[in-house]
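Chain by chain, the residues run as shown.
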Amino acid sequence: MGKRDDGAGQDILRRVGEASVLILISLADGPKHGYALIQDIKELAGVELGPGTLYGALDRLERLALIESLPAEDRRHPYRITAPGAAALRVHLDSLERVSAAGRLRLQLGGI
Amino acid sequence: MNDPRASRLVEAALRCYPARWRRRHADEAAELATLLIRDGTPARSIAWSYLVGAAREWLTPRPGRRLSAVACALLVAVCSLGVSVALLASTQPARAVVSPSRPPAPAHCPPRSASHAADAVPATGHPQPVNRGPGHVRPC
């Protein structure tokens with residue numbers, strides 16, 4: 001499958017993995033620290049992120065400037081989604097929505 | 001972490017991360033492990049997750065880390081695997097002594113002597129046809 005630029009901006013989240021996307025979705029309604037992220041993602045998507053996976057994804061997102069770390073509270077660092085992060089998430093969700101709609105339509109047409 | 005064993009296990013896993021990562025996340029990661037263990041997550045699975053994360057952290061190329069360092073880490077991993085395989089394979093000759101590849105001679109065969117072995121080659125020097133019909137008994 002080739003790359004697709006849909007005009008609304010390139011979907012840079014296509015290659016970052018599910019954990020990173022779930023973290024961005026979880027941070028979309030406000031800053032959270034690691035434990036709160038794990039709990040929220042479990043509730044939101046039924047996915048239990050391992051702590052190693054979580055920190056790997058947080059580092060990757062921070063390097064891409066899609067999230068930023070806030071000053072530590074006690075020993076916990078809250079993370080916040082950045083403006084480019086929110087924009088990237090919007091593009092990705094739009095793309096997922098289009099694929100999802102196409103899939104539903106094809107299922108309907110196929111009569112399955 | 002109240003359980004000292006769980007605490008040691010997680011701390012050992014966290015020590016596997018690069019120093020740069022530990023400076024940034026170690027305290028927070030230990031705290032997170034404490035909270036997850038309190039919630040009932042097994043310490044082993046937390047430690048395993050951190051171990052996998054540490055391996056990924058070492059193997060992911062970073063701008064500050066040269067590719068040769070990553071190659072070295074990979075080489076060390078491959079060598080360790082090679083040593084393990086070699087150690088496993090070294091038990092093979094010992095087994096070979098216990099059960100030699102040649103099966104024991106059938107009961108009807110007389111004991112072999114040096115002269116018998118020399119006679120094994122036909123006098124003509126030509127290969128002899130072997131008849132393996134029903135009721136064939138393996139020759140001595």
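Residues numbered from 1 in each chain as written. Chains lettered and ligands numbered in written order. Predicted model: local features only at pLDDT ≥ 70, side-chain atom pairs only at ≥ 80, totals over all residues. Heavy atoms only, no water.

### Focus on the overall build of chain A
Right, so step 1: What chain A contains, in helices and strands, is four helices and two strands.
Right, so step 2: From first element to last, N terminus to C terminus, chain A shows the α and β order α-α-α-β-β-α.
Right, so step 3: Burial statistics for chain A: of 112 residues in total, 38% are counted as buried.
Right, so step 4: When contacts within chain A are restricted to residue pairs at least 6 apart in sequence, long-range pairs at least 24 apart make up 51% of them.
Right, so step 5: Here chain A has roughly 6,700 Å² of accessible surface; of this, 53% comes from carbon and sulfur atoms. (Helix = DSSP H or I, 4+ residues; strand = E, 2+ residues; numbered from the N terminus. Buried < 20%, exposed > 50% of the residue type's maximum accessible area, 1.4 Å probe, protein only. Contact = heavy atoms within 4.5 Å. Areas by Shrake-Rupley, 256 points an atom, 1.4 Å probe, with all protein chains shown as cover.)

### Topic: the packing of helix α1 (residues 18-27) of chain A against helix α2 (residues 34-45) of chain A
For any two helices packed against each other, one specifies the inter-axial angle together with the distance between the axes.
All names here are of chain A.
Right, so step 1: Two elements in contact, α1 and α2, have axes separated by 10 Å at closest approach and are oriented at 100°. On the basis of their axis angle, the class for α1 and α2 is roughly perpendicular. Judged by residue contacts, L22, I23, I25, S26 and L27 of α1 engage L37, D40, I41, L44 and A45 from α2.
Right, so step 2: Across the contact of α1 with α2, the residue classes tally to eight nonpolar, one polar and one charged. (Axes fitted to C-alpha atoms, helices over the stretch in contact; angles between N-to-C directions. Parallel < 35°, antiparallel > 145°, perpendicular 65-115°, else oblique. Nonpolar A, V, L, I, M, F, W, Y, C, P; charged D, E, K, R; others polar.)

### Overview of the environment of S95 of chain A
Right, so step 1: The residue S95 of chain A is located in helix α4 (residues 83-110) in this model.
Right, so step 2: You can call S95 of chain A buried: its relative accessible area is 7%.

### Quick notes on the side chain of E31 of chain B
Right, so step 1: Mapped onto the fold, E31 of chain B is located in helix α2 (residues 19-38).
Right, so step 2: Judged by relative accessible area, which is 13%, E31 of chain B ranks as buried.
Right, so step 3: With near-sequence residues (within four places) excluded, E31 of chain B lies in contact with R75 and R76 of chain A.

### Observations concerning the confidence of the model for chain A
Right, so step 1: When pLDDT is averaged along chain A, the result is 90; 92% of the residues meet or exceed 70.
Right, so step 2: Counting interchain partners and residues more than four positions distant, the pLDDT-below-50 stretch residues 1-7 of chain A has six contacts. (pLDDT = per-residue confidence, 0-100.)

### Observations concerning the nonpolar core
Taken as a class, soluble globular proteins show a tendency for nonpolar side chains to be buried jointly.
Right, so step 1: Ranked by internal contacts, the top residues of the largest apolar core, which has 39 residues, are I23 of chain A together with Y50 of chain B.
Right, so step 2: Among the secondary structure elements, those contributing two or more residues to this core are α1, α2, α3 (51-63), β2 (79-81) and α4 of chain A together with α1 (4-15), α2 and α3 (43-59) of chain B.
Right, so step 3: The greatest single-element share of this core, amounting to seven residues, is contributed by α2 of chain B. (Core = buried A, V, L, I, M, F, W, Y, C linked by side-chain atoms within 4.5 Å.)

### Re α1 of chain A
Right, so step 1: The element α1 of chain A is extensively covered by neighbouring structure, given that eight of its 10 residues are classed as buried.
Right, so step 2: Among the residues of α1 of chain A, A19, S20, V21, L22, I23, L24, S26 and L27 of chain A are the ones counted as buried.

### Details of the interface of chain A and chain B
Right, so step 1: Each partner contributes to the interface: chain A provides 18 residues, whereas chain B provides 21 residues.
Right, so step 2: Summed over both sides, the interface between chain A and chain B buries roughly 1,800 Å², with carbon and sulfur atoms accounting for 49% of that surface.
Right, so step 3: It is Y35, Y55 and R75 of chain A that lose the most area in chain A upon contact with chain B, and together they represent 39% of the buried surface on that side.
Right, so step 4: Inspection of the chain A/chain B interface yields three salt bridges.
Right, so step 5: Residues R76 of chain A and E31 of chain B are paired through a salt bridge, measuring 3.3 Å at the closest nitrogen-oxygen approach.
Right, so step 6: Where chain A packs against chain B, one counts 10 residue pairs in polar contact (both at pLDDT 80 or more).
Right, so step 7: Within the residue set of the side of chain A that touches chain B, elements represented by two or more residues are α2 and α3 of chain A.
Right, so step 8: When residues in the side of chain A that touches chain B are grouped by element, the largest group, eight residues, is from α3 of chain A. (Buried area = accessible area lost by both parts, 1.4 Å probe. Salt bridge = Lys/Arg side-chain N within 4 Å of Asp/Glu carboxyl O. Polar contact = N/O pair within 3.5 Å; in protein donor to acceptor, adjacent residues only side chain to side chain.)

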